[in-house]
Each structure stands twice: as structure tokens, then as C-alpha cells.
Amino acid sequence: MEKNIILAQIGKTPAYKTVKYKKLYRNHESDPSAYCLAESDTEENIECTESCYSFDVILSELEKKKQRKADVLILAGTKESSWANLCRFFGTKYAETEAYSHIKDRMQEEEDASGGIQNILEIRHEIEAFLTACLNGTNVRILIQNNGITYMESKENFNLLSGMLSEVLDSEKEEGRKEKIENIKINLHLDISNGFRSFPMYVFLSSNYIRQIRPKEESIRIFMYYGMFDKKLKLEDGKFVSSCQGDYVPYVDMSDASDIMQWTDAVAEFYNSGSVIQLLKILDSDTERGWADIRIDDGQHTVCDVFRKFHYAVNTNNLKLLGETTRLLAQMERYLDDSLPDYAKNLLEHISKDFQERFQISGENRSAYGTLSIQTAIWYLDQQRTGDAVIALQEGMITYAMETFSSKCEALINKKLSAEKEISQGMLAKDEALFDFKYRETVREYVFDTRDIEEKEWLYEYKYLSEHLRDPAMRMQYNITDKSAIETDMNEAEQAVRKLAEKILAGKLDPYIEKWLDELLNMQEYDFFICYRRTSWKKEDGVKVVRGIADFLSGQGYDVFWDMDGHLEGAAGEYRPEIRNAIRNSRYVILLLGKDSLKKYTKNDCYYMEIQTAAERNNKKRIFSIMLEGFEDKPDLESFPDTLKEEIKKIVDGYQHIGFDRKWGYSEKEQNDMHRALLNAIWENQKKKQKK
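Undergrad: Looking at this model, I keep getting lost on the overall build of the protein chain. Mind explaining?
TA: A count of helical and extended segments in the protein chain gives 23 helices and 17 strands. Taken over 692 residues, the protein chain has a buried fraction of 52%. Contacts in the protein chain between residues far apart in sequence, at least 24 positions, make up 70% of those at least 6 positions apart. Accessible surface, the protein chain as shown: approximately 34,800 Å² in total, 48% of it carbon and sulfur.

Structure below.
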């Protein structure tokens, strides 16, 4: 349903004369100074509106259209405007009434015949009721403005105009609710013919301002007209030309000014935030001109459909549809025709050319979806949507690796998931499994979420983004209060996204990704990693306990890793990659807690580093804790960093202890009992996992 609201200005002038207003749209092709006849006109029969007031043209036009009328007429002016002349015109046009007689008695008599009503504020509501009755139900509202001479008066006029428009729109919306009308389109007609000083500008600005701040589901279209009262036209050789003796006054349609602003705002919104909501509103609302139905891609799609699908693709991360719609938008300029005004056509062509540059994917590219996702990340970054850019980039990197090195990623997935969820050869290349969550998480975890930053400098930017904007745990950051820290984080994050994206798109990371995949495929897999200190009670007793466990589990058919001779410790405090990789490639970790196991924290203690690696989210392992005689029930953790302190508390208090809280001795019988208890715990855990 459509509602029509007219906002017209009433100036301070002598009594208006009745003239023939003729609505005109464009200049004559052969004579730029002349106006054309409308298609419905002939030289013998020219449709025009005879009136003293230009807004009567809008009223007349709406009355001619079936089931349409002006719902509200807002008349704006100062206290000195010609309110009396307005009442005289309508009183005469619609016959003298008792209401008009009462108003006429209150009119101010002035020699200059400006037609003022001295007490307009007192009888404003009476005039509104009188004019509403004259206009057969069109609700008339009067807005008294300031003269607009000073800055403060102009500012107040803007507030008065926007306030009145909001009030009227709210009233129409409420009326729609009462009538159970869900979709109401508002046509706002602005007549600035009698505006003076800054009034016309503020009428236009306040109307556009209201359109922007109203709820997004409301559809408001603005039309603007100017009745050139001082310009006379006569009909000559089928065209209107200027003449002092002319009978016609041009009523010029200036709605392009509103359309230009609306299109500019919509395209700015698209570039700034990727939103097509305003563009779709423009295309969908202007059904008369058929902009939404412009066909592209050899007639297979409309412009409106493509933008709507693009909106869906971006917000659901549907890469297949995103690829299709970016291709169509990049080709759009070839299909735009003259049914669009030049300003709209130019703006859409600009979008098309921008997409041609952003989303070009060559036929030789082995990673169509990955490249598209990374290009989208750069697009987000240009809109200052850094968080969205990080997500698109990280997901794009995974897709890129799975497409570019599909066979090696398939081998890695099968190695890590075993029979749990194997993938058949060639599935990634056919896109059939490219977006399977389990497969993607495997590639993410082992290829990109590795903590070996010292060994993987090519992942520096990825690490920064993970830890500062989107860490693996997706924790919310809430404790940054330093402004400089915030600015530093954002600046570095934006640089990291751009650098990493450019490296991938240029193929600079391909050798590193492939080499790392080869290393992962060649790494030995283990069932258990044993974390221990070499001394637990007396010299070398830790080694003896570990050897006993390793021999027992090996006898049960399990693969066990433990640094038997301590050779992998390297230099003092050196945490060797072999140790880290062994933990990453083990299904479980067995942690021995003996005397002084949790002694005072030192940064380069390999025992603590192993615990941290096992507890990291992307490597997180099931830990079986074995407490030995001499282990302190309440170890002093004061010197430990907070993250490690919390993890060790969980290990001591919460993780599965073999034998519950029992502390195992070093005798052969105690150790044999501990081995059986450990094996039972492993079996129980495997049963639960299989059942789950």
C-alpha cells in the first residue's frame, strides 16, 4: 500500500493569481531552452492544473490515479506567510463554509495584501480542520517556522521540519497497523516553489535525513518539484518557449536530485560496509521505471536478482554463489542500458569495474574458491571490516591449501583421522569434500595452527591474527583499555591481513605449505607420549618408571614415544622440534608426577613446555596422570604464569588420575599394579570414545 505525503512551503507574497501549471520533465531535443509536450498532450488539448498554488499540481495528479490520493499535506511557512490568501483560495474554490467565515473574521487586513493572519498560532488547528474538509479527507498540517535569518533559526527550522515529518510518518505507520497493513510505501512529495532563504535546502536535507534514520524496513521515496511562477511559457510549433504573454507556468520535476542522493548513499553503503540493502530498496521500489528488471548475462539474470544473491552469498559464506555473483557483477557494465539515468548507470558501472579488478581468477589457478575467499578478505579490509577480513582470510587459506595440494591434504586427513572419517582419493579436487568440517579442521590444526613459530616464520602474520583477533579458542577480548594498544592492534592486524593475502595470491607460500605437508606426512604417529622428569625420588628412578610403562604398553601393541636417553633435550632449556612434533602426533599423553616434578617455574624448563604443548587447544591431548610417591599434594604454583598455573591445577585436581588419588610406589609389585590400572583406564576411555 502506498501513502502520499506532500510538504509545500507558503511564502509571504501578494495574493497569488491563478495560472496554468504545466508539469515538465526534460528540455526539447532540438531547442535546449524549450520544453517538450508530454506524450498524453496534443496542441489542442494540453493537460495542466489551474491554481494559485503549485502544490495543487500534485494533488490533482494523485486524484487522477485510481485508489491514490494525498494522505497528508504539510504546509510550512512563517507567521508572516500568506495564510489568509491560502484560506481565501480554498474557501472560494470549495465554496464558502461556516468554518471559513469564522476564519475570515480573524484575518489580518493589511495594505500590502500579503494575506497574513496575525494570530496564526492561535487558530492554526482551526485552519487545519477547514483545509482538511476542503480537500476531502487529506489531512492538513501547518508548520510554523522561523525566518531563517540567523544560524540558530536555520538550525531550529531543520529540527522543526524533521520533527514534523517523523510525527506524520509515525502516525501513518500506526494507522497502517490498525488496518493490518504490513508493507507501506511512503511517497514524500516536496514542493519548494515558494521557499525563500535556506528553506528549500533544509526541506530537502531534512527529508533525506528522515529517510536515513527511519527503520530500515520502511520504504520512503522522495520527489521534488519547483513551480517557476516568474517564468511564462507559450506553445509554439509543438514546444513550450518563454514568452511574457505566455499562459503556462512550468512545474519542473526535480526528483533527480533526490534520486542522485539516494543512489550515492546506497553505493557508498555498499563500498563502506558491503551492504546492498539500500540498493535493493531503490531497485525494488521504483517499479514504474523497471530498474530492477534490467537483464544481464544474456538475459539470464536481473540486476536486482544478482545483488540479492550476492547479499546472500556474502552473509552465508556461500563461495559457489559468491563466485557466480561476483562474475556477473563484474560483467554488469556491458548490459546497462539507457533505461537507467546517467548517474545511476555510472555508479553501477563503477561497481562493475571495481569487481573486474578485485575478483579476477585466471583459468590456470588451482584454487578457485580459496583465491575467491582471500580476495573477499581484501575487499572486507578496504571497508575497515578487519574482523570479517581475518575470518575470510583464514578460511581462504585452508581452502587454498586443500585445493592446491589436494592429494597431500587427503593423505594427511587419512593419516590423522584414520578409519574415523577417511577421504577417498580425488574428492578434494572435485569439491565434494572441500567444505567438510572435519576435513577442514584437520588441515587447520596441523598445517596452520602449529605453534612452531620459530620454525615457521612464513606463518608469522597468521599467528598474529589468531592470537589478537581470532585465536583458536575464539575468546572474547574484553580487557584492553589502552588506546595506543587498540590502535597498534588494529594497524598491525590490517597490515598482517594484507601482507598474508598478497603472499598467498602471488604463490609465495606454496613452497612452504608443500614442504610442511611433506614433513607432516613423513612424521611417525604414536599412541602415547610420556612426559616425565628423569629424577622423581632418587637418581634415574624417573627413567626406570618410564621404561617400565613403555615396555608394558609396547607389549600390548601400542606405539610409545619417550626421550629415553635425554638426547633430544639438546642445549640447556632447548625445546627441540622433535619433542613438540611427537606430542602433536600422539593420541594420548601420560604425565608422571613425582617428587619435585612441579618445582619452581623456570621459563626454559622442557617438562613445563611439554605440558603446555599437550594442553594447547589445537593440540589438546587426553592426559593420563600418574602420581608417584613423594609428589606434593598442594604444589606451590605462585611462580607459574597464569595460563600454565590454571592448566596444572586442572591436572592435579581434575584430570584422570590412574588409581584415582593413589600415589604409586617404585617396587615391582606397585609398578605392575600401576601398569594394569593404566591399561584399564585406556580401555575405558576408548570404549567411551567409540560409544560417543
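Undergrad: I tried to follow unusual backbone geometry on my own but got confused; where do I start?
TA: Trans peptide bonds make up most of the peptide bonds, and negative phi angles are found at most residues other than glycine. A positive phi angle, near 55°, is found at asparagine 317, a position not held by glycine. Looking at where asparagine 317 falls in the secondary structure, it is placed in the loop between helix 9 (303-316) and helix 10 (319-331). Phi is positive for aspartate 596, close to 65°, though the residue is something other than glycine. Secondary-structure assignment places aspartate 596 in the loop between strand 16 (586-593) and helix 21 (606-615).

Undergrad: Just to check I follow, could you spell out the pattern of salt bridges for this structure?
TA: Under the criterion given, the structure shown has 24 salt bridges. For arginine 214, the salt bridge is made with aspartate 170, and the minimal N-O distance between the two is 2.9 Å. Here arginine 214 is found in the loop between helix 6 (199-213) and strand 8 (219-227), whereas its partner aspartate 170 is found in helix 5 (residues 151-178), with 44 residues between them in sequence. A salt bridge links aspartate 354 to arginine 358; the nearest nitrogen and oxygen atoms lie 3.0 Å apart. You can see aspartate 354 and its partner arginine 358 sitting in helix 11 (residues 342-358), 4 residues apart, about one turn around the helix. Overall, aspartate 354 belongs to the buried group, its relative accessible area being 14%. Using a relative accessible area of 22% as the deciding quantity, one classes arginine 358 as partly exposed. Beyond isolated ion pairs, a larger network of salt bridges with shared partners links Asp354, Arg358, Asp382 and Arg498.

Undergrad: Help me understand the pairing of strand 6 (residues 139-144) in this model?
TA: On any regular strand, side chains alternate: one points to one face of the sheet, the next to the other face. Burial analysis of strand 6 places 5 of its 6 residues in the buried class, which makes it a mostly covered element. Note: strand 5 (residues 72-77) against strand 6, 6 bridges, orientation parallel. Bridging from a neighbouring strand, glycine 77 pairs with isoleucine 144 of strand 6.

Undergrad: I'm lost on the nonpolar core in this one. Help?
TA: For soluble globular proteins, nonpolar side chains are generally found buried alongside one another. Trp263, Phe307, Leu393 and Phe448 are the most contacted members of the largest nonpolar core, which totals 84 residues. Per-element accounting of this core gives the leading share, 9 residues, to helix 13 (residues 386-404). Those residues within four positions of leucine 393 in sequence are excluded, and the remaining contacts are Ile374, Ala377, Leu465, Val497, Leu500, Ala501 and Ile504. Grouped together as the second largest cluster of nonpolar side chains are 38 residues, Leu62, Cys87, Ile123 and Ile127 included.

Undergrad: I keep staring at the environment of isoleucine 294 and nothing clicks. Help me out?
TA: Note that isoleucine 294 resides in the loop between helix 8 (277-285) and strand 12 (295-296). A sequence separation of 10 residues divides isoleucine 294 from cysteine 304, and the C-alpha atoms of the two residues are 7.9 Å apart. Discounting chain neighbours no more than four positions away, the residues touching isoleucine 294 are His301, Thr302, Val303, Tyr335, Asp337, Ser339 and Leu340.

Undergrad: Even after reading the chapter, I still don't get the environment of lysine 23, so can you show me in this structure?
TA: Summarising the element assignment, lysine 23 is placed in strand 2 (residues 19-24). Given the relative accessible area of 11%, lysine 23 is considered buried. Here the alpha-carbon distance between lysine 23 and valine 252, two residues 229 residues apart in the chain, equals 5.9 Å. Apart from the residues within four sequence positions on either side, lysine 23 is in contact with Glu61, Tyr225, Tyr251 and Asp253.

Reading the values: the criteria
Residues numbered from 1 in each chain as written. Predicted model: local features only at pLDDT ≥ 70, side-chain atom pairs only at ≥ 80, totals over all residues. Heavy atoms only, no water. Helix = DSSP H or I, 4+ residues; strand = E, 2+ residues; numbered from the N terminus. Buried < 20%, exposed > 50% of the residue type's maximum accessible area, 1.4 Å probe, protein only. Contact = heavy atoms within 4.5 Å. Areas by Shrake-Rupley, 256 points an atom, 1.4 Å probe, with all protein chains shown as cover. Salt bridge = Lys/Arg side-chain N within 4 Å of Asp/Glu carboxyl O. Pairing = 2+ DSSP bridges. Core = buried A, V, L, I, M, F, W, Y, C linked by side-chain atoms within 4.5 Å.

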